[in-house]
Amino acid sequence: MPGSAALTASVLQTPPPSAQLFANVYNWYYYLGIASGAITFALILFILYRYRSRAGKEIAADKTRENRETWKGPLVTFALMGIVLVAVGAQTFIALPTYQNPPKNPGSMDVAVTGQQFFWSFTYPNNKSSTILVVPVGNEVILNVTSKDVNHQFGIPDFRVKTDAIPGRHNIVWIQPNSVANYTIQCFELCGVGHATMITTLAVVPQATFETWYNSTGST
Amino acid sequence: MSHVNEPANEVETLRGGYSPTLAWLRKWLFTTDHKEVGLLYFWTSLWFVAIGGALAGLMRTQLAFPAPWDILSASAYNQAVSMHGLIMVLLFLSPLGAAFSNYFVPLQIGAKDVAYPRFNAFSYWMYLMGGIVMISGFFAPGGAAQAGWTNYAPLDSTLFSPGPGETLVGLGLLLLWGSLTMGGVNLIVTILTMRAPGMTWKKMPPFTWMTLFTQLLLLFSVPSIFVGTLALISDRVFGTVFFLNTAGSTILWENMWWFFGHPEVYVVVLPAFGAIAEVFMVFTGRPLYAKKALLISVGIILMPFSFSIYAHHMFLTGINALQREFIDLNTEINTLPSGLLVVCMALTAVGGTIKFKAPFTFAVAALVVFIIGGITGVFDSSVLLDQELRGTYQVVGHFHYIMVGAAEFGLMAAIYYWLPKWTGMMYSAAIAKLHFITSFVFFNMTFFPMFYLLEMPRRVYTYLASTSWGNINFIETLGAYGFIAAQVLLLYVLVQAFRHKGTPAPPNPWNSSGPEWTSDTKSYLDNYPAVYASPPSGQSAPHVMTAENSRPFTISVGVGLACIGLILWWPLLLIGTVLGVYGVYGWAKDDLNGAFTMPGEEKAGETWPFKQNPGETFGQWRMKVGTWLFLASDLVFFSAIAGLLIFVRLHLTDWPAVGSVFNIPMVTLNTLILVTSGLALMFALQDAKEGKGSEMTRWLVATLILGGSFLIISGFEWVDQFAKQFTFSSGMPGSTFYLLTGISGAHVFAGLLMLAYVIKKAISGKFTRENHFSIRLFSLFWMFVIAMVVILFPAIYLM
């Protein structure tokens, strides 16, 4: 399904931990999904081939309103599907706490994210505000996302992190940038005419650069 | 079968000697025959898919190249994407399923028509007018609605969508919800009460079973969005603040929308699967595999679960983590019946002799595509994966595989399968094959690449060239063009068949043992060789019921014009209201004069679970069953209102103290007046049973006076509150008060209209001690309304 490229190696750097965790879970769904699909297709193709009509052109009289009740097939189907569903579901449930809950390590930084028509603004602990999310490499950042007007959706695809920005509500996501790079932040919920252009950048910079930027006055 | 298209001389005589054009118009505008109504649904849904498809073509053209390509502006694109979704789901797929349900359910169960033919026509015209009202937004200043087909709040409020387009969508939706509710009651009562003797539940064909499930889903999911849409219109037209308030707003709307929206996707798919099941049986020559297990798993797992998993559309809103996990699990469980559907179809073919005719190839394609759609859906069921996939083209690919792939291909199978029945003509196999191949190839070309775009946001009118999405989008656009072009072939097939060009088909070309193939296709009004009912007394000339009635058309056009007029041009509002009132009055008059009756009142067949009482006519029994069903739906409607109120109160701590806004003694007294009207009605019923006509009439009038007083006093209450500055816009307390009392008042008003009709009947001496059925039916409704008002009373005034 994916560009598999997106799931095994990020653009140029090592993917952030959230993306790696996501990729692990995704690959379970992906491979089991392909396998289930392939087996089902094979079954159908086999049946279509095996029971195709070979002689004559007419359709045989349809004795199709007769009884063909059984519970065997359905139960076997449920069991097989159940195994696959449990297998993939388990991956989700196992990884979910790590994925969702910020570890809150010392040195983690809280940034308030506000979406509005049609830009994102970021407010730092020292009340510095910016329209670009600048963070130091290596530190956990906890993002508290809300909106000033309509529903938006704050997403950083490279980190596999996303949440709704809803007026009056605060949703938490967290990231752990591990490479110096720029990543795309985009809006994923239709919010008006500027929806497609509500794009900004997550700039992961070296610690020192961040200190300088953080302590300087004025917005970026 | 050609009666619906061939004006035979006998038909013209039936039509009272009108000129052919006028007769044709009268036939199609005034018909209540389920077959003709089915065909109306069919052609109308095709008209809407042409519009929806054109919008898709426009969108794909805009997305073919990255920025700065702007064939469509952002606003135009947003209109296109929003209306495309609404049209395709609500005005195309669902009604196309209804076309087959209307046409074939009575034929499959051996009935003459549906339970309420006039309401059937009414459902259709309300659907058409609702669609027209929604689409009229394109011609309104500011354009059509552009808040997505999901109309999320607060984007759908006047603050962020100031033009009339969104209001027109809201009003059109109200008409649609009414249409679906009536249709639901109609088809369910038909299936429950009009099966021919010997047509047991076990023998019922799978298509009828799936129709039953679909209509049950609709009956219990539509009330939720009905209330939501009323709240939205109330916001946009009257200035309430349901969706402008952070205590309501986004989450309230999402809950009300998706409680309907998720079951709706099964509403779209189940009729297609019913058709697929029929086709699999016929073209493999084998019975349906494990029919009972399949139906039980759909009825017992799929249906209830579809109501409990809707919040998987809300995984990122910040709802409770435990809730999310619960819903993840339930969504996975709900894939089991879907998987079983696929397996049962496939295993049906085992041991059979497969003929790869067009209906079958489309059915197989639907199945294959449904598998991909289903598997990609499992990805979205994961709370973790959804965190990335939500709002991306992965989701768009997933649901198009289900909607276009499974539902549309399944319904195309139905078209090819049943076309000989509708028209008596066989389609050209070569064209059908070409249509199939091109549709299948271009469909996959359009939608499969979307699974490679899991970082591209949905509903964006453009994207940066620096992304790598341009090439994939270009391919998808080519695929879309191809898919749209391929449907011209289907149109050709249909036009040829309906114009009777080509090869005629024998009465049962597929040798199907489906009951619908055994009906006499030459008869016009009756589905099975039967005697026309004897003429109503008082008629002189030999009178054959024509199943014609103008009221559904008139009322619907009136309501539709009124909606458009309310928003765009007030003279239309006047005209529409007059037409609507005239139509309703005419309907009541028709009933009082006995001018419309069903052909033949045959004895009921299988009757579980509703027993017919001795002394009740068949028609009365059907009315009773329908009333109970309608009240069940109305109960869900009021529950949705209660849900809204609870939600708001839980989120808003700042609420006026009890007694500070309302005059509690007065409203208590007023409610007691309403309760007393119920007592008066009970006395009237008692007198009716004892045959005391004039006492009965007096008590009925007393009921009317008391009920009317309740409304008038409520009206004074509203005026009083307005004077005290407690208006529609007085925050959530104002919004909830006026919406709740408004809806209750509307129910009381409707009841009073019904009561006026009943009183007219009483005065005309139509009631006897044995037969005063209308009063009993009315009392069911009246008691229900009183119960709702009494239950809501403490919620509104004492909390």
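Residues numbered from 1 in each chain as written. Chains lettered and ligands numbered in written order. Predicted model: local features only at pLDDT ≥ 70, side-chain atom pairs only at ≥ 80, totals over all residues. Heavy atoms only, no water.

### Considering the overall build of chain A
Helices and strands together make up the secondary structure of chain A, namely 4 helices and 10 strands. Starting at the N terminus, the α and β elements of chain A follow one another as α-α-α-β-β-β-β-β-β-β-β-β-β-α. In chain A, which comprises 220 residues, the proportion classed as buried is 50%. At a minimum sequence separation of 6, the contacts of chain A that also span at least 24 residues come to 68%. When the accessible surface of chain A is summed, it comes to about 10000 Å², and 62% of that surface belongs to carbon and sulfur atoms. (Helix = DSSP H or I, 4+ residues; strand = E, 2+ residues; numbered from the N terminus. Buried < 20%, exposed > 50% of the residue type's maximum accessible area, 1.4 Å probe, protein only. Contact = heavy atoms within 4.5 Å. Areas by Shrake-Rupley, 256 points an atom, 1.4 Å probe, with all protein chains shown as cover.)

### Some words on the interface of chain B and chain A
The interface is formed by 102 residues belonging to chain B together with 81 residues belonging to chain A. Counting the surface lost from both chain B and chain A, the interface buries some 7700 Å², and carbon and sulfur atoms represent 66% of this. Joining chain B to chain A, the criterion identifies 3 salt bridges. Our enumeration of links across chain B and chain A arrives at 28 residue pairs in polar contact (both at pLDDT 80 or more). Put simply, the parts of the chain that give the side of chain B that touches chain A at least two residues each are helix H4 (74-109), helix H8 (249-284), helix H9 (291-308), helix H10 (321-333), helix H11 (335-348), helix H12 (358-381) and helix H13 (383-389) of chain B. Grouping the amino acids of the side of chain B that touches chain A by side-chain chemistry returns 58 nonpolar, 28 polar and 16 charged. (Buried area = accessible area lost by both parts, 1.4 Å probe. Salt bridge = Lys/Arg side-chain N within 4 Å of Asp/Glu carboxyl O. Polar contact = N/O pair within 3.5 Å; in protein donor to acceptor, adjacent residues only side chain to side chain. Nonpolar A, V, L, I, M, F, W, Y, C, P; charged D, E, K, R; others polar.)

### A short note on the domain arrangement of chain B
All names here are of chain B. We note that the domain assignment places domain 1 (31-518) and domain 2 (654-799) within chain B. The C-alpha centroid of domain 2 is placed 39 Å from the C-alpha centroid of domain 1. Taken residue by residue, the interface counts 11 residues in domain 1 and 8 residues in domain 2. Together domain 1 and domain 2 conceal approximately 770 Å² of surface at their shared face, both sides included; 81% is due to carbon and sulfur atoms. Counting every contact that joins domain 1 to domain 2 gives 2 residue pairs in polar contact (both at pLDDT 80 or more). Looking at the side of domain 1 that touches domain 2 residue by residue, the classes come out as 6 nonpolar, 5 polar and no charged. (Domains from an automatic or database assignment.)

### Quick word on the packing of aromatic side chains
Applying the stated criterion across every chain, the model contains 93 aromatic pairs over all chains. On the basis of an interplanar angle of 35° and a centroid distance of 5.9 Å, the ring pair of Phe210(A) and Trp213(A) is categorised as tilted. Note that Phe210(A) and Trp213(A) are positioned in helix H4 (residues 207-215) at a spacing of 3 residues, about one turn of the helix. Taken as a pair, Phe210(A) and Trp213(A) share a single burial class, namely buried. Ring geometry for Tyr416(B) versus Tyr427(B): centroids 4.9 Å apart, planes at 75°, classification edge-to-face. You can see Tyr416(B) sitting in helix H14 (residues 393-423) and its partner Tyr427(B) sitting in the loop between strand E1 (425-426) and helix H15 (429-447), a full 11 residues away along the chain. The pair Tyr416(B) / Tyr427(B) is uniform in exposure class, with both members buried. If you follow Lys128(A) out to its NZ or CZ, it ends over the ring of Trp213(A), 4.6 Å from the centre. Its end group placed over the ring of Phe188(A), Lys162(A) keeps NZ or CZ at 3.8 Å from the ring centre. (Phe/Tyr/Trp six-rings, centres within 6.5 Å; stacked < 30°, edge-to-face > 60°. Lys NZ or Arg CZ within 6 Å of the ring centre and 35° of its normal.)

### A word on the pairing of strand E8 (residues 171-175) of chain A
Residues and elements named next belong to chain A. In terms of residue burial, E8 counts as a mostly covered element, since 4 of its 5 residues are buried. Two elements, strand E5 (residues 141-147) and E8, share 5 bridges in a ladder whose sense is antiparallel. Bridge pairing links Ile142 to Trp174 in E8. (Pairing = 2+ DSSP bridges.)

### Considering the sheet that holds E8(A)
All names here are of chain A. On the basis of which strands lie adjacent, the open sheet formed by 5 strands has the order E3-E2-E1-E5-E8 and mixed pairing. At either margin of the open sheet sits one strand with a lone partner, and together these are strand E3 (129-130) and E8. Relative to E3, strand E2 (residues 119-123) runs antiparallel, the two being bridged by 2 bridges. Bridge pairing links Thr123 to Ser129 in E3.

### Notes on the domain arrangement of chain A
All names here are of chain A. We note that the domain assignment places domain 1 (17-53 + 71-100) and domain 2 (109-215) within chain A. Computed from C-alpha coordinates alone, the two centres of domain 1 and domain 2 are separated by 34 Å. On the side of domain 2, 7 residues touch domain 1, which itself brings 7 residues to the contact. Surface buried jointly by domain 1 and domain 2 totals about 610 Å² across both partners, of which 53% is contributed by carbon and sulfur atoms.

### A closer look at the packing of H4(B) against H14(B)
All names here are of chain B. Their axes nearest at 11 Å, the elements H4 and H14 cross at an angle of 35°. Crossing hand, H4 versus H14: left-handed. Across the interface between the two elements, Tyr77, His84, Val89, Phe92, Leu93, Leu96, Gly97, Phe100, Tyr103, Phe104, Leu107 and Gln108 from H4 touch Tyr393, His400, Met403, Ala407, Glu408, Leu411, Ala414, Ile415, Trp418, Lys421 and Trp422 from H14. For the contact of H4 with H14, the per-class residue count stands at 17 nonpolar, 4 polar and 2 charged. (Axes fitted to C-alpha atoms, helices over the stretch in contact; angles between N-to-C directions. Left-handed = near helix turned anticlockwise from the far one by under 90°.)

### Observations regarding the state of the cysteines
Residues and elements named next belong to chain A. As enumerated under the stated definition, the model contains 0 disulfides over all chains in all. Counting only cysteine sulfurs, Cys191 is the nearest neighbor of Cys187, a cysteine outside any disulfide, at a range of 3.8 Å. Among the residues examined, Cys187 registers a relative accessible area of 0% and is labelled buried. For Cys191, a relative accessible area of 0% gives the class buried. (Disulfide = S-S within 2.5 Å.)

### Looking at the environment of Thr14(A)
Residues and elements named next belong to chain A. By the element assignment, Thr14 lies in the loop between helix H1 (5-8) and helix H2 (17-50). The spacing of Thr14 and Tyr29 is 15 residues in sequence and 22 Å in space, taken between C-alpha atoms. Ignoring any residue separated from it by four or fewer positions in sequence, one finds Thr14 in contact with Gln20, Asn178 and Ser179.

### Quick notes on a nonpolar patch on the surface
A cluster of nonpolar side chains, Phe65(B), Trp69(B), Ile71(B), Phe474(B), Leu478(B) and Tyr481(B), forms an exposed patch at the surface whose accessible area comes to about 530 Å². Along the chain, Ile71(B) falls in the loop between helix H3 (34-63) and H4. (Patch = residues over 30% accessible without salt bridge, like charges linked within 9 Å, V, L, I, M, F, W, Y side chains within 5 Å.)

### Examining the side chain of Gln186(A)
Mapped onto the elements, Gln186(A) comes out in strand E9 (residues 181-187). With sequence-adjacent residues up to four places away left out, Gln186(A) is seen in contact with Trp120(A), Gln153(A), Phe154(A), Gly155(A), Ala196(A), Met198(A), Ile199(A), Pro457(B) and Trp469(B).

### A closer look at the sheet that holds E9(A)
Residues and elements named next belong to chain A. Strand order across the open sheet formed by 5 strands is E4-E10-E9-E6-E7, with mixed pairing between neighbours. Single-partner strands in this sheet number two, and they are strand E4 (133-136) and strand E7 (161-165). With direction set aside, neighbouring strand axes in the sheet form an average angle of 20°. With 2 bridges joining them, strand E6 (residues 152-156) and E9 adopt antiparallel strand pairing. Note on E9: the bridge partner recorded for Gly155 is Gln186.

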